[in-house]
Amino acid sequence: MQSHLIIWPALGQIVLTIGLYFVLAKRKNAALAAGNIDEERRGLFDDAWPDTVVQVNNCIRNQFEIPILFYVLVIVLSQIGSVDIIALSVAWLFLLARVAHAAVHIGSNFVPLRRKLFTLSALLILVLIGFAAFGLVKA
């Protein structure tokens, strides 16, 4: 299998993150237009914004936690030639879990479901770590 194919789900994760910035801008503009912000605190404090803005902002922060490990693992797997259909499928599942997590985070924000989706993505990272370790041992 071509190792570079695993870059596609990583690019999907990047697109997800950038897309969330557009959602954040839209929600901030709506809050500004409605006058729903504390002008004196908005530059430094999240509590100056309504919850709808804070939700997206927190979701964006979350895209720089577990997904960072995903990016590194994608590069490692690609470089050591350990990409097969299973590793590629796990990478796509990771992206789908992250998309679902983000949708819940900026939507209903139902924490029990968010936690399950986060746990799923963390478990998928562990599987990718296993693929990387096995690939290094094989090399």
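What counts and what doesn't
- Residues numbered from 1 in each chain as written.
- Predicted model: local features only at pLDDT ≥ 70, side-chain atom pairs only at ≥ 80, totals over all residues.
- Heavy atoms only, no water.
- Helix = DSSP H or I, 4+ residues; strand = E, 2+ residues; numbered from the N terminus.
- Buried < 20%, exposed > 50% of the residue type's maximum accessible area, 1.4 Å probe, protein only.
- Contact = heavy atoms within 4.5 Å.
- Expected span 1.5 Å × (residues − 1).
- Core = buried A, V, L, I, M, F, W, Y, C linked by side-chain atoms within 4.5 Å.
- Lys, Arg positive; Asp, Glu negative; His and termini not counted.
- Salt bridge = Lys/Arg side-chain N within 4 Å of Asp/Glu carboxyl O.
- Axes fitted to C-alpha atoms, helices over the stretch in contact; angles between N-to-C directions.
- Parallel < 35°, antiparallel > 145°, perpendicular 65-115°, else oblique.
- Left-handed = near helix turned anticlockwise from the far one by under 90°.

Caption draft 1: Up close: the environment of P9. Following the sequence through the fold, P9 ends up in helix α1 (residues 7-34). Relative accessible area serves as the criterion here: at 0%, P9 is assigned to the buried category. Ignoring sequence-local partners within four residues, the contact set of P9 consists of F70, L88, A91, W92 and L95.

Caption draft 2: Representation of helix α5 (residues 111-138). Compared with an ideal rise of 1.5 Å per residue, which puts 28 residues at 40 Å, α5 spans 40 Å between its outermost C-alpha atoms and is within 8% of the ideal. Residues of α5 that are buried: R114, L117, S121, L124, I125, L128, F131, A132 and G135. Looking at the buried side of α5, the elements it contacts are α3 (66-80) and α4 (85-106).

Caption draft 3: Representation of the nonpolar core in the model. Core analysis: the largest hydrophobic core is formed by 18 residues, its most contacted members being I6, F70, L77, F94, I125 and L128. Elements supplying a minimum of two residues to this core: α3, α4 and α5. Grouped together as the second largest cluster of nonpolar side chains are 14 residues, L24, I37, A48 and I60 included.

Caption draft 4: Just the side chain of Q13, in detail. With respect to the helices, strands and loops of the structure, Q13 is situated in helix α1. By relative accessible area, which is 0% here, Q13 ends up buried. Non-local contacts of Q13, meaning those with residues more than four positions away in its chain, are made with Q63, P67, F70, Y71, F94, L95 and R98.

Caption draft 5: The side chain of R114, seen in detail. Position of R114 relative to the elements: it lies in helix α5. E65 provides the closest opposite charge to the buried, salt-bridge-free R114, at an N-O distance of 8.3 Å. What R114 contacts, discounting residues up to four positions off in sequence, is H101, V104, H105 and N109.

Caption draft 6: Geometry of the pattern of salt bridges. Counted under the stated rule, the structure contains three salt bridges. The residue R42 makes a salt bridge to E39 at a minimum N-O spacing of 3.5 Å. Here D46 and R61 are joined by a salt bridge, their closest N and O atoms 2.6 Å apart. Of this pair, D46 sits in the loop between α1 and α2 (51-62) while R61 sits in helix α2, placing them 15 residues apart in sequence. Note on D46: relative accessible area 32%, which makes it partly exposed.

Caption draft 7: Main features of the packing of α4 against α5. Packing of α4 against α5 brings their axes to within 9 Å, and their N-to-C directions diverge by 160°. Of the possible angle classes, the one that applies to α4 and α5 is roughly antiparallel. Relative to α5, α4 is oriented so that their crossing is left-handed. When α4 is examined against α5, the residues I86, A87, V90, A91, L93, F94, A97, R98, A100, H101, V104 and H105 are found in contact with a partner set consisting of L113, R114, L117, F118, L120, S121, L124, I125, V127, L128 and F131.

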